Structure formats: structure tokens, C-alpha cells
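Now for the letters of each chain:
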Amino acid sequence: MISEKLKNNSFILYISVILIAVFRLLLTATIPLLDKTEARYAEIARIMQETNQWIVLQIDYGVPFWAKPPLSTWLSAGSFVIFGINEFAARFPSFILSIILIIIAGKMAKKSGVSFYLPGFILLTMPEFLIHTGVVSTDTTLEFCVAIMMISFWQTMKSEGKTYWNYLFFVALGLGFLAKGPLIMVLTFPPLFLWCCLDFNRFRELFSKFSIVIGLFVTAIIAVPWYYFAEQETPGFLDYFIVGEHYKRFVESGWKGDLYGSGHSQPKGMIWVFMLIFTLPWFQVVLHKLWKNRTTILKNDWVSFLVLWMFWTPMFFTISSNILHTYLLPITIPMMFLMVHWWEDFTQKKWLIRTALIFPVIVFIAYFSLVATGKLDNYMNSDKYLLEALKVKTENKEIPLYYWKDKNYSGQFYSNGKAQVVKTEMQLDSVLSSNKQLFFVIPTKKKQEIPQKYLDKMTLTQSNYKTSIFTTK
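Residues numbered from 1 in each chain as written. Predicted model: local features only at pLDDT ≥ 70, side-chain atom pairs only at ≥ 80, totals over all residues. Heavy atoms only, no water.

**Details of the overall build of the protein chain**
Then comes step 1: Within the protein chain, the regular secondary structure consists of 24 helices and seven strands.
Then comes step 2: Relative to its length of 473 residues, the protein chain is compact, with a C-alpha radius of gyration of 25 Å against a globular reference of 23 Å.
Then comes step 3: Projected onto its principal axes, the C-alpha coordinates of the protein chain cover approximately 80 × 60 × 40 Å.
Then comes step 4: Taking all 473 residues of the protein chain together, 53% fall into the buried category.
Then comes step 5: Pairs at least 24 residues apart make up 73% of the contacts formed inside the protein chain by residues separated by at least 6 positions.
Then comes step 6: Of the roughly 21700 Å² of accessible surface on the protein chain, 64% is carried by carbon and sulfur atoms.
Then comes step 7: Mean positive and mean negative side-chain charge positions of the protein chain (45 and 32 charges, respectively) differ by 6 Å. (Helix = DSSP H or I, 4+ residues; strand = E, 2+ residues; numbered from the N terminus. Rg over C-alpha atoms; globule rule 2.2 N^0.38 Å. Buried < 20%, exposed > 50% of the residue type's maximum accessible area, 1.4 Å probe, protein only. Contact = heavy atoms within 4.5 Å. Areas by Shrake-Rupley, 256 points an atom, 1.4 Å probe, with all protein chains shown as cover. Lys, Arg positive; Asp, Glu negative; His and termini not counted. Charge placed at Lys NZ, Arg CZ, Asp CG, Glu CD.)

Shown next as C-alpha cells:
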């Protein structure tokens, strides 16, 4: 009976989707928040929930964070209210948004005659999507808003008249401004415009099927108030966020104006390399299929819509040097829809399924191997386990915690914001001369910066592959 079911592709897809989704949910609860990006956004949400300051994001107490809008932070902070302060609560909203997209895509796929679980299988076996199904990140909320906008546009254009999809388009646009800012328009409007240009009659349909005036009012009601109040409470925000984050970050290599880190300088065109790696194996299959059907791509409304949606984002980021592979997340949805569209044409479905499962299986094996050998805490890019061990040794007594030069965001989060920073030798001398017991965190690569006379006053307490914690004698 079981062997017969395993011959059925739909059953394999169903089992794979359930197992991968459950495994991914397990990771959200058991993997510590990782430095630098994920722990940073979790800490911003923790401070928001603690201070009850829901307008101005803070990267530290009293220090505004202007780099991103608040939607993902609101979701994590709200989750903290429900589930408490922990990594699961920080990540759960991202997991839910990804599952909602899978369900929407599954229902669309089922209407086209393929398995409800096929979109979920494709997405959850795509490295970029699987990684972000449960990561504290603004990219997941952006992906969600882009996907809802594009799906709503398509559904509206293919309807007989005005539908709720028409209004959902503008709701998603407003939320997109709160997810990542004006970038939501950059990633959606050009491919929609180009698609309409393929048949100018579509412009007439657009104006007849969309309630543009009411829709833009809905968008403004959703997005504008936060921008207004954020500028009122911290003047200068709009200039930094609009000009700096949305222009200089992408056109200036190694942009020096970043207040919260440094630009991610990459060779121009690196986005395509990321695309080849982080969407394996589906992008390669889609490219092959597009080449075979190159003469008919523009003749099919759905395929041309998806192709423009998928290729616009990497084309836009081709000219940028400051990029991350996470910028590709929005294109995983149209890539999945193209695979669903052509699924029945593939004769080697089992080969595709087996190949796609390689990445999730590798992650599964790596995770349980680290758990079984007890090495998970040593190889995670996080200070969680080190700080937990200190609490056990000190029986939760409040002992001052200091970082050398810079605090790790995971250290801020797991110490509930109590970590402090020592930036100079003079400050270090003052702290160590207080004759009080304290913990001192030193990144392994920066240990040589500490004069030996100060190291002689400390005893190594905990360490992992990247960080050591000392205590004063």
C-alpha cells in the first residue's frame, strides 16, 4: 500500500511539503537568533515591545533606527506580546506569511488542474525561500506584499469587472510602503507597465477595472501616517530613508552614509550569480523551458506576465553593487508559478522532485548531526548559548556584561538589553579597576587588541568558534 502511494507524485509532494514545513517550524524555535542581521531586527522588535514605542524604531535605547519601515518589527513585537520574548516569537510572523503565500499559490494551482501541494513543494525546496520561511527579516514582508500586489493585479485584469482583488492590490501597496518603503513600487510598477505595453488594450482594461482614486486613498491611509509621525518625532528620517536607503545605497559602491553598518559591496551583476545558486534547481529548469518556448513567450498572457515579474528584479539590481542574495526573494513566487504552469509538460517529474529535495535533506542532516553531537551551540553565529551558560553558573545573579568595541545584537537580545560596551583602553582600565565581578565578551579575532596586562586579570569562562567570555578574578 505504501509503495503504491510512493509511486504517486501528488502523495510525495504532500508528504514532502508537510515534513519540510514542520521541520522549518522546528528550526524557528530551536536555532538561536543569528548575528548580525536577524538578531538586529529581533532586538529592535524587543526594544519596541519593552518601551511601548511603536512609531520610532530603535536599534538601542534612545537611538532611532532609520534604515527600515516598521511592518516586520510590528509583527515580531506583537508576537512577543503573545508568545513572550524568544526566537520562536520573533520568527513566527515570517513563517506565517510564507505559509499564507503557499496556500494562496496552492489554491491557484489546484484551479489550473495540478496538485495543491506543488507550489509549496517548489518554494520549500528553493534555498532562498526555505531560508526565509521563518527568519526575522524585512525581506519576507516585502516578498509577501509584492506577491499579493502582482497576484491581485492579474486576478483583477482577468476578471469580468471590479472585484475585491482590485482593492487588495492597493492594500498590499500600502503595506509594501510599511515593509520596505518606495522599493515596493520599483519592483512592481515597471513589470506591470511593460506587460500592459505588450497589448495596449490592457491600459483601457486597467482603468476600467481598478478603482484608482479610491485605491490610492486606501494606500495613503495605510502608509502615510507612520511616515509623518516618524519624521515628526525624529527629524531627518525622511531624507536618510528616501535618499540614502533608496538611492545612494544602490548606486554608490561601498556607500559610506550607512548609519548602521557598511554597504555590501559586490561586483556589478552578482545578483545573477546569486540567482543561479539560491534558486537551485528551479531557475535552471525554468531557463531551459523559456529557451525552448522563446518564440511563444510573449503570446501567452500568463507566461509573459510571470517572465517580466521574475526578471525585472535581478535586472534592476544588476547595476547595483550594494546587494545581498535576499533581494532575490520576491522572484521566487513567479519562478514557482512558471514551474506550475509547465508541470504537466515534464516527463521526468520524479527526477525533478528528487533533485529538488537535495537542499532540504542536506539541511536536515546537518541540523540533526549537530544536535546529536552536541555541537550546535558551538557552531551557531550567536551568543545565546554562552550567555545561558553564564546564567547557570551564576544562578541568574545580575552580573555586569561588557563587550569589547561593539555589542553583538544577539548579546543585546539575550541579555535583555543589559549588555554594555567598552571602546577604549582607558574605559577598559576603569571597568577592570572597579573590583567588581563582571563578564567581558571578546571576539576571537579581536583578542590581540587587548593588552596582556588586562587579560591577566581575567579568566576564560565560556567560548565558541568566534567569541570568548571572560570573568574578572
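Alright, that's what it looks like, and here's the rest.
**Some details on a nonpolar patch on the surface**
Then comes step 1: A cluster of nonpolar side chains, Tyr-14, Ile-15, Ile-18, Leu-19 and Val-22, forms an exposed patch at the surface whose accessible area comes to about 440 Å².
Then comes step 2: Inspection of the secondary structure puts Ile-18 in helix α2 (residues 9–30).
Then comes step 3: Overall, the relative accessible area of 39% leaves Ile-18 in the partly exposed class. (Patch = residues over 30% accessible without salt bridge, like charges linked within 9 Å, V, L, I, M, F, W, Y side chains within 5 Å. Salt bridge = Lys/Arg side-chain N within 4 Å of Asp/Glu carboxyl O.)

**Concerning the packing of helix α8 (residues 138–157) against helix α9 (residues 164–179)**
Then comes step 1: Interhelical geometry of α8 versus α9 gives an angle of 160 degrees and a closest axis separation of 8 Å. Classified by the angle their axes make, α8 and α9 are roughly antiparallel. As for the relative orientation of α8 and α9, their crossing is left-handed in sense. Facing α8, whose interface residues are Thr-138, Thr-141, Leu-142, Cys-145, Ile-148, Met-149, Ile-151, Ser-152, Phe-153, Gln-155 and Thr-156, α9 presents Trp-165, Asn-166, Leu-168, Phe-169, Ala-172, Leu-173, Leu-175, Gly-176 and Ala-179.
Then comes step 2: When its residues are assigned to classes, the contact of α8 with α9 shows 13 nonpolar, seven polar and no charged. (Axes fitted to C-alpha atoms, helices over the stretch in contact; angles between N-to-C directions. Parallel < 35°, antiparallel > 145°, perpendicular 65-115°, else oblique. Left-handed = near helix turned anticlockwise from the far one by under 90°. Nonpolar A, V, L, I, M, F, W, Y, C, P; charged D, E, K, R; others polar.)

**Here's the deal with empty space enclosed by the protein**
Then comes step 1: Inspection of the entire model under this criterion finds three cavities of 30 Å³ or more.
Then comes step 2: Its volume calculated, the largest cavity comes out at about 60 Å³.
Then comes step 3: Together, Ser-72, Leu-75, Ser-76, Ala-90, Pro-93, Ser-94, Leu-97, Val-135, Val-136, Ser-137, Thr-140 and Thr-141 line the largest cavity.
Then comes step 4: Among the secondary structure elements, those contributing two or more residues to the lining of the largest cavity are α4 (71–83), α5 (87–111) and α8.
Then comes step 5: When residues of the lining of the largest cavity are assigned to their parent elements, the largest contribution, four residues, is made by α5.
Then comes step 6: Here the lining of the largest cavity is composed, by residue class, of six nonpolar, six polar and no charged. (1 Å grid on protein atoms, 1.4 Å probe; cavity = no way out; pocket = protein on both sides within 12 Å on 5 of 7 lines; lining within 4 Å. Points joined across faces, edges and corners; volume = space filled by probe spheres on them.)

**A few points about the sheet that holds strand β5 (residues 439–443)**
Then comes step 1: Here we have five strands laid out as an open sheet, ordered β4-β3-β5-β7-β6, and mixed in their pairing. With partners counted over all chains shown, the strands left at the sheet margins are β4 (420–422) and β6 (458–463), one partner each. The average undirected angle you get between the axes of adjacent strands in this sheet is 35 degrees.
Then comes step 2: Where strand β3 (residues 401–404) meets β5, three bridges bridge the pair, whose relative direction is parallel. From the neighbouring strand, Tyr-403 faces β5, where its bridge partner is Val-441. (Pairing = 2+ DSSP bridges.)

**Observations concerning the nonpolar core**
Then comes step 1: If you look at the biggest cluster of nonpolar residues, it comprises 122 residues, and the most contacted ones within it are Phe-153, Trp-282, Phe-305, Met-310 and Phe-337.
Then comes step 2: If you tally residues by element for this core, the top one is α8, at 12 residues.
Then comes step 3: Sequence-distant contacts of Phe-153, defined by excluding residues within four places in its chain, comprise Phe-169, Leu-192, Trp-195, Cys-196, Leu-206, Phe-210 and Phe-305.
Then comes step 4: If you look at the next biggest cluster of nonpolar residues, it comprises 14 residues, including Leu-428, Leu-432, Phe-440 and Tyr-454. (Core = buried A, V, L, I, M, F, W, Y, C linked by side-chain atoms within 4.5 Å.)

**Considerations on the environment of Pro-451**
Then comes step 1: Within the secondary structure, Pro-451 is located in the loop between β5 and α24 (452–455).
Then comes step 2: The exposure class of Pro-451 is partly exposed, given its relative accessible area of 21%.
Then comes step 3: Separated by 240 residues in sequence, Pro-451 and Ser-211 place their C-alpha atoms 68 Å apart.

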